[in-house]
Amino acid sequence: MGGRRYVTGNWKMHTSRAEAVALASGVVAQLQQVPAWDPDVVRVGLAPPFPFLEAVRDAVAGHPVELVAQDCHAEPRGAFTGWVSAPMLASVGVRRVIVGHSERRQHAGEDDALVRRKLEAALEAGLDPVVCVGEQLAERDAGRHEAVVEAQARGALEGLDPAAYARVVVAYEPVWAIGTGRTATPEQAGTMHRFIGGLLASFGPQAAGVPVIYGGSVKPDNIDGLARQDGIAGALVGGASLEAGSFVQIVRGVAEQARAGARS
Ligand code: PEP
């Protein structure tokens, strides 16, 4: 599989300011030891907690590492105590923003309509969205995973301005694999990625090119099998992104597969 890849570390509500700076500095230092990594082919992003965005931005300055935010509000400004808007994030150097993460769907009650509004707010502010979709364990056990993911992807992405698709990344994250240590098998993930790819293609030719990355207990020891699957264009990494060495090993895995794919 050709095309650009993405590896983003989602730090969630972890790290102190000092830890965030040390982690970001460790990532940029260790990335330089990965000969297979071409930053034009594999885009690496870090998504720290909001208060540490600028510190992390400064720690990675001059390196090809993108600053990513974990969420944004659907409105650009207003009486929304405690929230952060997309234009605010853009103003501090954020490049991409995650929308629709399952932890927000679960703990903040976000539905597909709100995810769509956040995605549009991100695009409007000049941020490129990373849209998360994924089924719960009960939905997979009931054989409903494709229907659930299809509804989420349609809600977020169907009928967008065709030019916007070039700015979108989709993250397939089966909820039962997030933070559980129980990752999808490469075959399960690959099957879903190809399903999502087919669905996106039905939204129009531009949408056919949207990269679909995998998230859910990605670790250095399972990334090779995942990244080898046709249709898996990288990883959204939670727990393993909190340690520079393991995160960079995941980048290495994706970079090596990208290189092997480009040769074949
Ligand atoms: C995530 O937060 O998006 C995630 C995939 O977490 P973890 O890698 O810890 O499962």
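The structure under discussion appears in the preceding block.
Here is what the cut-offs are and how they apply
Residues numbered from 1 in each chain as written. Predicted model: local features only at pLDDT ≥ 70, side-chain atom pairs only at ≥ 80, totals over all residues. Heavy atoms only, no water. Near = heavy atom within 4 Å. Polar contact = N/O pair within 3.5 Å; in protein donor to acceptor, adjacent residues only side chain to side chain. Areas by Shrake-Rupley, 256 points an atom, 1.4 Å probe, with all protein chains shown as cover. Nonpolar A, V, L, I, M, F, W, Y, C, P; charged D, E, K, R; others polar. Buried < 20%, exposed > 50% of the residue type's maximum accessible area, 1.4 Å probe, protein only. Helix = DSSP H or I, 4+ residues; strand = E, 2+ residues; numbered from the N terminus. Arc of directions from axis to C-beta. Contact = heavy atoms within 4.5 Å. Pairing = 2+ DSSP bridges. Right-handed = clockwise from strand over helix to strand, strands pointing away. Axes fitted to C-alpha atoms, helices over the stretch in contact; angles between N-to-C directions. Parallel < 35°, antiparallel > 145°, perpendicular 65-115°, else oblique. Left-handed = near helix turned anticlockwise from the far one by under 90°. Core = buried A, V, L, I, M, F, W, Y, C linked by side-chain atoms within 4.5 Å.

Trainee: So what exactly am I meant to see when it comes to the site of the ligand here?
Mentor: What surrounds the ligand is a group of 14 residues, the closest being Lys12, Glu173, Gly179, Ser217 and Gly239. Within the contact set of the ligand, an oxygen atom lies 3.1 Å away from a side-chain nitrogen or oxygen of asparagine 10. At a separation of 2.9 Å, an oxygen atom of the ligand approaches a polar side-chain atom of histidine 101. Protein chains bury 98% of the 290 Å² of accessible surface belonging to the ligand in isolation. For the shell around the ligand, a count of residues per class yields four nonpolar, eight polar and two charged.

Trainee: Is there a simple way to explain helix α2 (residues 53–60) in this structure?
Mentor: Those residues of α2 that fall on the buried side of the exposure criterion are Leu53, Ala55, Val56, Ala59 and Val60. End-on view of α2: buried residues confined to an arc of 165°, all on one side of the axis. Contacts made by the buried residues of α2 are with α1 (17–31), β2 (42–47), β3 (65–69) and α3 (86–91). Phi turns positive one or two residues past the end of α2, at glycine 62, with a value near 85°.

Trainee: Would you take a moment to explain the pairing of strand β7 (residues 212–215) for this structure?
Mentor: Remark: a regular strand shows side chains that alternate across the two faces of the sheet. Neither face of β7 is exposed, since Val212 and Tyr214 on one face and Ile213 and Gly215 on the opposite face are all buried. The pairing of strand β6 (residues 169–172) with β7 spans three bridges and is parallel. Looking at the pairing, valine 170 lines up with valine 212 of β7. The parallel pair β6 and β7 is bridged by helix α8 (residues 186–201), and the resulting crossover is right-handed.

Trainee: Explain the packing of α1 against α2 here, please?
Mentor: The relative placement of two packed helices is expressed as an angle between their axes plus a distance between the axes. For the pair α1 and α2, interaxial distance at closest approach is 9 Å and the crossing angle is 30°. In this view, α1 runs roughly parallel relative to α2, as classed from their interaxial angle. Both α1 and α2 take part in a crossing whose hand is right-handed. Two secondary-structure elements touch here, α1 through Arg17, Ala20, Val21, Ala24, Ser25 and Val28 and α2 through Ala55, Val56, Ala59 and Val60. Residue classes in the contact of α1 with α2 are distributed as eight nonpolar, one polar and one charged.

Trainee: Would you explain the nonpolar core in this entry?
Mentor: For soluble globular proteins, the rule of thumb is that nonpolar side chains tend to be buried together. Core analysis: the biggest nonpolar cluster contains 75 residues, and Val42, Leu46, Leu157, Val170 and Tyr214 have the highest contact counts within it. Per-element accounting of this core gives the leading share, eight residues, to helix α10 (residues 244–263). For valine 170, the contacting residues outside a window of four places in its chain are Val131, Val133, Leu157, Ile196, Leu200, Val210, Pro211, Val212 and Ile213. Tyr6, Cys132, Ile213 and Ala233 belong to the second-largest nonpolar core, a separate cluster that totals 11 residues.

Trainee: How should the sheet that holds β7 be read in this particular structure?
Mentor: Two modes of strand pairing occur in sheets, parallel and antiparallel, and in both the strands are linked by backbone hydrogen bonds. Reading around the barrel, the eight strands line up as β1-β2-β3-β4-β5-β6-β7-β8 and close back on themselves, with parallel pairing between neighbours. Adjacent strand axes in the sheet meet at a mean angle of 30°, parallel and antiparallel pairs treated alike. Here β3 pairs with strand β4 (residues 96–99) via two bridges, running parallel. Note on β4: the bridge partner recorded for valine 68 is arginine 96. Relative to the sheet, α2 contacts β2 and β3, its axis offset from that of β3 by approximately 175°. Across the sheet, helix α7 (residues 145–157) is in contact with β5 (128–133) and β6; its angle to β5 comes to roughly 160°.

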